[in-house]
Amino acid sequence: MAPKYKLVYYDSKGRGELARLLFAAAEVEYEDYRFKEEDWPKLKGDTPFGQVPVLEVDGKPLAQSNAIARYLAREFGLAGKTAWDQAQVDMIVETMQDMGNPVIPIWLCKNEEEKVMV
């Protein structure tokens, strides 16, 4: 029987989007649990490390967006067939992470004037 997947993340793209793209590419069904920012304090205590995204696999939680992406890619046969292929995939994932990190302070900043300074 196929595992039951549930992805928990904000109602936005961000760090949860790579997992969503992997599910789409593999055409695998999953529960896409999206929550509003104001609901985060109620959910935070139930997450590993107090952060999201979280992928639940048959009820077992897995945290960290890159760990989730690598897990799903391996499960779905999208991680590469050789060690070199897998290293190339890892390189792309890490590059995407590097590109996204500078945007996070801007996204978290609520004051429009401060955003310009960031």
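As the structure is a computational prediction, the values presented were derived from the model and not from experiment. (Residues numbered from 1 in each chain as written. Predicted model: local features only at pLDDT ≥ 70, side-chain atom pairs only at ≥ 80, totals over all residues. Heavy atoms only, no water.)

Engineer: What's the story with the overall build of the protein in this structure? I'm lost.
Structural biologist: The secondary structure content of the protein amounts to six helices and four strands. In sequence order, the secondary structure elements of the protein are arranged as β-α-β-α-β-β-α-α-α-α. Once the C-alpha set of the protein is aligned to its principal axes, its extents read approximately 50 × 30 × 25 Å. Considering only contacts in the protein between residues 6 or more positions apart, those separated by 24 or more positions represent 55%. Counting every atom, the protein has about 8,200 Å² of accessible surface; 57% of that belongs to carbon and sulfur. Charge separation in the protein, taken as the distance between the mean sites of 15 positive and 20 negative side-chain charges, equals 2 Å. (Helix = DSSP H or I, 4+ residues; strand = E, 2+ residues; numbered from the N terminus. Contact = heavy atoms within 4.5 Å. Areas by Shrake-Rupley, 256 points an atom, 1.4 Å probe, with all protein chains shown as cover. Lys, Arg positive; Asp, Glu negative; His and termini not counted. Charge placed at Lys NZ, Arg CZ, Asp CG, Glu CD.)

Engineer: Is there a simple way to explain the pairing of strand E4 (residues 60-63) in this structure?
Structural biologist: A regular strand carries its side chains on alternate faces of the sheet. Where strand E3 (residues 54-57) meets E4, four bridges bridge the pair, whose relative direction is antiparallel. Along E4, the bridge assignment pairs Glu56 with Pro61. From the end of E3 to the start of E4, which pair antiparallel, there are two residues, and Asp58 there has a positive phi angle of about 50°. (Pairing = 2+ DSSP bridges.)

Engineer: What exactly am I supposed to notice about the sheet that holds E3 here?
Structural biologist: Within a beta sheet, neighbouring strands are joined by backbone hydrogen bonds and run either parallel or antiparallel to one another. Ordered by their spatial adjacency, four strands build an open sheet running E2-E1-E3-E4, and the pairing between neighbours is mixed. Every other strand in the sheet has two partners, leaving strand E2 (31-35) and E4 as the edge strands with one partner each. In this sheet, adjacent strand axes meet at a mean angle of 20° when their direction is disregarded. Sheet contacts for helix H1 (residues 17-26): strand E1 (5-10), E2 and E3; angle to E1, the most-contacted strand, approximately 145°. Here helix H3 (residues 65-75) sits on the sheet in contact with E1, E3 and E4, set at roughly 115° to E4. (Axes fitted to C-alpha atoms, helices over the stretch in contact; angles between N-to-C directions.)

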